[in-house]
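# Residue-level structure breakdown
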Amino acid sequence: MGKDVIVACDFASAEQTTAFLDRFTGRKPFVKIGMELYYAEGPAIVRELRRRGHRIFLDLKLHDIPNTVKKTMAVLSALDVELVNLHAAGTMAMMTAALEGLTRPDGTRPKLIAVTQLTSTDQESMERDLWIREPIEQVVLHYALTARNAGLDGVVCSPLEAGKVHEVCGTDFLTVTPGVRFADGAAGDQKRVTTPAGAAALGSDYIVVGRPITAAEDPVAAYERCLREFVG
Ligand code: C5P
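This text gives an overview of the structure that appears in the document. (Residues numbered from 1 in each chain as written. Predicted model: local features only at pLDDT ≥ 70, side-chain atom pairs only at ≥ 80, totals over all residues. Heavy atoms only, no water.)

## What about the pattern of salt bridges?
As a working rule, side chains carrying opposite charge can pair if their charged atoms are close by. Within this structure, the stated rule accounts for 16 salt bridges. When the shortest N-O distance is used, the salt bridge between Arg50 and Asp80 registers 2.9 Å. Of the two residues, Arg50 is situated in helix H3 (residues 43-51) and Asp80 in the loop between helix H4 (66-77) and strand E4 (83-87); the sequence distance between them amounts to 30 residues. Judged by its relative accessible area of 40%, Asp80 is partly exposed. A salt bridge links Asp129 to Arg128; the shortest N-O distance between them is 2.9 Å. The pair formed by Asp129 and Arg128 is uniform in burial state, with each residue classed as exposed. Put simply, Asp4, Arg27, Arg55 and Glu82 are held in one network by salt bridges that share partners. (Salt bridge = Lys/Arg side-chain N within 4 Å of Asp/Glu carboxyl O. Helix = DSSP H or I, 4+ residues; strand = E, 2+ residues; numbered from the N terminus. Buried < 20%, exposed > 50% of the residue type's maximum accessible area, 1.4 Å probe, protein only.)

Written as structure tokens, this is what we have:
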């Protein structure tokens, strides 16, 4: 898997999603289906976008007891997606079980990546609500290393953390990074942002881009600009 731009399809219905994707008559973007769209439309939306030829990152962030996660991952694996994820906070046992569930009878499986600490969590809320007292950068790296030791393929993280994650977990451990904005665009609610070219320089393997593409006047042009700046 080389560097690529993943378009976050944060829409509330299949109708809106397919209307948006219909604009892409050339290259079919790698897309992210998150909780909103998946809970609204179920596995049918995944099958439809696969049928249309899109590669899919199914961003459902599983976190439950190992047996439940294992059985759920087996269901998701049958949907023929390329990337799925879970919360590293579910522990090593949960991550190992997830990998078992994902692995198909022929030995193939989607790639599995972990959320370390959500970028909406800061040092203060982590200490106050989660009772985790170490510096958040250390926590992120520890969770990433635990994910790697469990056999996972990478993490979701900020582009600003991608270099450190590669240093600690190896260059082939994937960093999938949201928080990307054009130099001349609005940041919205994202706080620590970087440009597509900046993310490439920092070592991101995949950037996840939502509103800079979905809310653009010309989404196809915005997508192509992202590709040019990130992949070259
Ligand atoms: O619209 P925007 O480019 O901010 O979308 C980024 C996408 O990445 C959204 O789907 C958001 O939920 C997701 N995401 C994020 N930060 C994380 C994890 C996921 O922005 N830490």
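Picking up where we left off.
## Brief notes about the sheet that holds E4
Spatial ordering of the closed barrel is given by E1-E2-E3-E4-E5-E6-E7-E8, a layout of 8 strands whose pairing is parallel. In this sheet, neighbouring strand axes are inclined to one another by 25 degrees on average, regardless of whether the strands run parallel or antiparallel. Sheet topology note: the E4/strand E5 (residues 111-115) ladder contains 5 bridges and is parallel. Residue pairing in the sheet places Val84 in a bridge with Leu112 of E5. Along the sheet, H4 contacts strand E3 (56-62), E4 and E5; its crossing angle with E3, the most-contacted strand, is approximately 165 degrees. (Pairing = 2+ DSSP bridges. Axes fitted to C-alpha atoms, helices over the stretch in contact; angles between N-to-C directions. Contact = heavy atoms within 4.5 Å.)

## Some points on the pairing of E4
Among the 5 residues of E4, 5 are classified as buried, and the element is accordingly described as predominantly covered. With 3 bridges connecting them, E3 and E4 associate as parallel partners. By the bridge assignment for E4, Leu62 is matched with Leu86. Read as a crossover between parallel neighbours, the route from E3 over H4 to E4 is right-handed. (Right-handed = clockwise from strand over helix to strand, strands pointing away.)

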